[in-house]
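Listed below, chain by chain, are the residues.
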Amino acid sequence: MLASSGQAHAAGYRYWSFWDRDGDTWVYATQGPSTASPSDGDVQGFRFSVSEDSRDAAKPRGAAEFATICAKTPARDGSKRVALVLDFGTSADAPSGETPPRPRTACARVPEDATTADALATVAKPLRYDTNALLCAIAGYPRTGCGEQISATEPTTTPSATPRDTSASGKSDSDDQGPSLGLLAGIGAVAVLGAAAVWQTRRRRSG
């Protein structure tokens, strides 16, 4: 139910979500960055925010045109260019004591078989992962925390609702019948990024 005080908000999770650009619209990614294989000219985005599931997840902000982002990165044979929009979110979504950096864009030039995970690793270090290879930080933000649940009493600018139960994996339940598929897609999409990057490196070394 909605809280009357306006000081609480829906129980959610603070994490990096992954997006694809479709024309002029951001679309919640249907696969993780470790398996997504963008083409030259594609635009993809990451947004740090608190969300209950994919339906209320905040989209990346700012310019998202490939021609603008990659204007100074010429094409090369044997490689592709991927435009990345990195939105570090708002102060309302930031962990306590941290200030989000300004949103920025980057043009990653990577091998033709590279994944989005590879592209991100070339332009947004340092990346931070937890012991389960969940992507916790891009370009060092945030310094601490990783997909943690936000209590329903923590102040934010969003409406509030009664918090739902959580599963053993720490992800929200949808209608009290299991983890939200939207949230699992968002968090799961980046959870394997680190492991995939390691696999890609080993595969190339052995090739």
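Up top you'll find the structure we're talking about.
Not measured: the values here are computed from a predicted model.

Participant: Is there a simple way to explain the packing of aromatic side chains in this structure?
Facilitator: We describe a pair of aromatic rings using the distance from one ring centre to the other and the angle between the two ring planes. Inspection of the entire model under this criterion finds 6 aromatic pairs. Here Phe18 and Phe46 contribute two aromatic rings whose centre-to-centre distance is 5.0 Å and whose plane-to-plane angle is 20 degrees, an arrangement assigned as stacked. Here Phe18 is found in strand β1 (residues 12–22), whereas its partner Phe46 is found in strand β3 (residues 43–51), with 28 residues between them in sequence. Judged by its relative accessible area of 0%, Phe46 is buried. With centroids separated by 5.4 Å and ring planes inclined at 75 degrees, the aromatic side chains of Phe48 and Tyr141 adopt a geometry described as edge-to-face. Remark: Tyr141 occurs in the loop between β7 (135–137) and β8 (149–150) and Phe48 occurs in strand β3; sequence separation between them is 93 residues. For the residue pair Phe48 and Tyr141, the accessibility class agrees, reading buried in each case. Through a chain of ring-to-ring contacts, the aromatic side chains of Trp16, Phe48, Phe88 and Tyr141 assemble into a single cluster.

Participant: What's the story with the environment of Arg143 in this structure? I'm lost.
Facilitator: Position of Arg143 among the secondary structure elements: in the loop between β7 and β8. Excluding its chain neighbours within four sequence positions, the residues that come into contact with Arg143 are Gly97, Glu98 and Arg128.

Participant: Is there a simple way to explain unusual backbone geometry in this structure?
Facilitator: Only a minority of non-glycine residues have a phi that is not negative, and only a minority of peptide bonds are not trans. Pro126 follows Lys125 through a cis peptide bond whose omega is 0 degrees. Mapped onto the elements of the fold, Pro126 is located in the loop between α2 (116–123) and β6 (128–129). At the junction of Tyr141 and Pro142, the peptide bond is cis and its omega measures out at -5 degrees in the coordinates. The phi torsion at Ala139 lies on the positive side, around 50 degrees, for a residue other than glycine. Looking at the element boundaries, Ala139 is found in the loop between β7 and β8.

Participant: I keep staring at the nonpolar core and nothing clicks. Help me out?
Facilitator: It is characteristic of soluble globular proteins that their nonpolar side chains tend to be buried jointly. Counting 20 residues, the largest nonpolar core has Trp16, Phe46, Leu84, Leu86, Leu120 and Ile138 as the members making the most contacts within it. Only β1, β3, β4 (79–87), β5 (104–111) and α2 provide two or more residues apiece to this core. No other element matches the 3 residues that β4 contributes to this core. Each residue touching Ile138, except ones within four places of it in the same chain, is listed here: Trp16, Phe46, Leu86, Phe88, Leu120, Ala124, Pro126 and Leu127. In terms of nonpolar packing, the next biggest core, distinct from the first, is built from 14 residues, Tyr15, Val43, Cys70 and Cys107 among them.

Participant: How should I be thinking about the state of the cysteines in this particular structure?
Facilitator: Structurally, a disulfide amounts to a covalent bond that connects the sulfur atoms of two cysteines. Tallied over the full model, the rule gives 2 disulfides. Disulfide pairing places Cys136 opposite Cys146 at an S-S distance of 2.0 Å. The S-S bond linking Cys136 to Cys146 shows a torsion near -75 degrees; that makes this disulfide left-handed. Here Cys136, found in strand β7, pairs with Cys146, found in the loop between β7 and β8; they are 10 residues apart in sequence, far enough to count as distant. You can call Cys146 partly exposed: its relative accessible area is 23%.

Analysis parameters
Residues numbered from 1 in each chain as written. Predicted model: local features only at pLDDT ≥ 70, side-chain atom pairs only at ≥ 80, totals over all residues. Heavy atoms only, no water. Phe/Tyr/Trp six-rings, centres within 6.5 Å; stacked < 30°, edge-to-face > 60°. Helix = DSSP H or I, 4+ residues; strand = E, 2+ residues; numbered from the N terminus. Buried < 20%, exposed > 50% of the residue type's maximum accessible area, 1.4 Å probe, protein only. Contact = heavy atoms within 4.5 Å. Core = buried A, V, L, I, M, F, W, Y, C linked by side-chain atoms within 4.5 Å. Disulfide = S-S within 2.5 Å.

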